[in-house]
Amino acid sequence: VQLVESGGGLVQPGGSLRLSCAASGFTFSSYAMTWYRQAPGKERELVAAITSGGGNTQYADSVKGRFTISRDNAKNTVYLQMNNLKPEDTAVYYCNRRLTILPWGQGTQVTVSS
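Quick notes on the rules
Residues numbered from 1 in each chain as written. Predicted model: local features only at pLDDT ≥ 70, side-chain atom pairs only at ≥ 80, totals over all residues. Heavy atoms only, no water. Helix = DSSP H or I, 4+ residues; strand = E, 2+ residues; numbered from the N terminus. Polar contact = N/O pair within 3.5 Å; in protein donor to acceptor, adjacent residues only side chain to side chain. Contact = heavy atoms within 4.5 Å. Disulfide = S-S within 2.5 Å. Buried < 20%, exposed > 50% of the residue type's maximum accessible area, 1.4 Å probe, protein only. Pairing = 2+ DSSP bridges. Axes fitted to C-alpha atoms, helices over the stretch in contact; angles between N-to-C directions. Salt bridge = Lys/Arg side-chain N within 4 Å of Asp/Glu carboxyl O.

Caption draft 1: Layout of the side chain of Asn96. Position of Asn96 relative to the elements: it lies in strand β9 (residues 91-97). Here Leu102 takes part through its backbone nitrogen, which lies 2.8 Å from a polar atom of the side chain of Asn96. Dropping the residues within four chain positions of it, Asn96 is found in contact with Leu3, Met33, Thr34, Ile101, Leu102, Pro103 and Trp104.

Here's what the structure looks like:
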């Protein structure tokens, strides 16, 4: 069982990034998935969630209207499109299942700075 996040980087305020999370070792299409983030000195927080079929999504208030979670069950991958990024979005971003949390992957660093 493995979750591998990618797509992070350094971006200026107002910029965009698309994160990917490749899952393996379980029946991906059967599970709701989530993106979390953890900023330095802060607890990990839920950013977005998507149902197993992709029909319903949820977002933290801080990212509503800027971030979009999506998934491709044929590719066992969940995505996070992040637009209009702000310095406070700087964090390590992780994906995981919505329930029955798996061991966390290495995450992908997102840094928003001018």
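Once you've had a look at it, read on.
Caption draft 2: Quick peek at the state of the cysteines. Scanning the model with the defined rule gives one disulfide in all. Here Cys21 connects covalently by a disulfide to Cys95, the sulfurs 1.8 Å from one another. Across the S-S bond of Cys21 and Cys95 the torsion is about 40 degrees, and the bridge reads as right-handed. In this pair, Cys21 sits in strand β3 (residues 17-24) while Cys95 sits in strand β9, placing the two residues 74 residues apart along the sequence. Relative accessible area serves as the criterion here: at 0%, Cys21 is assigned to the buried category.

Caption draft 3: Looking closely at the sheet that holds β9. Taken in spatial order, the six strands line up as β2-β10-β9-β4-β5-β6 in an open sheet, and their pairing is mixed. A strand with exactly one partner marks an edge of an open sheet, and here the two such strands are β2 (9-11) and β6 (57-59). Across this sheet, the average inter-strand angle for adjacent strands is 25 degrees, counted without regard to direction.

Caption draft 4: Examining the sheet that holds strand β1 (residues 2-6) more closely. The strand order across the open sheet formed by four strands is β1-β3-β8-β7, and the pairing between neighbours is antiparallel. Sheet topology places β1 and β7 (67-72) at the edges, where each strand pairs with a single neighbour. Adjacent strand axes in the sheet meet at a mean angle of 15 degrees, parallel and antiparallel pairs treated alike. Sheet topology note: the β3/strand β8 (residues 77-82) ladder contains six bridges and is antiparallel. Looking across to β8, one finds that Leu17 is bridged to Met82.

Caption draft 5: Quick look at the pattern of salt bridges. By the definition in use, this model includes four salt bridges. With a shortest N-O distance of 2.6 Å, Arg37 and Glu45 are connected by a salt bridge. Since its relative accessible area comes to 5%, Arg37 is described here as buried. Glu45 gets classed as partly exposed once you look at its relative accessible area, which sits at 35%. Taking the shortest distance from any N to any O, the salt bridge between Lys64 and Asp61 comes out at 3.2 Å. Three or more residues are tied together by salt bridges with common partners; here these are Arg37, Glu45, Arg66 and Asp89.

Caption draft 6: Representation of the side chain of Thr77 in the model. For Thr77, the location among the structural elements is in strand β8. Classification of Thr77 by relative accessible area gives buried; the value is 10%. In this structure the side chain of Thr77 is engaged in a polar contact, spanning 2.8 Å, whose partner is the backbone oxygen of Lys75. In this structure, Thr77 is in contact with Ser20, Cys21, Ala22, Phe28, Arg71 and Asp72, ignoring residues within four places of it in sequence.

It is worth stressing that arrangement in space is one thing and function is another; only the former is reported here.
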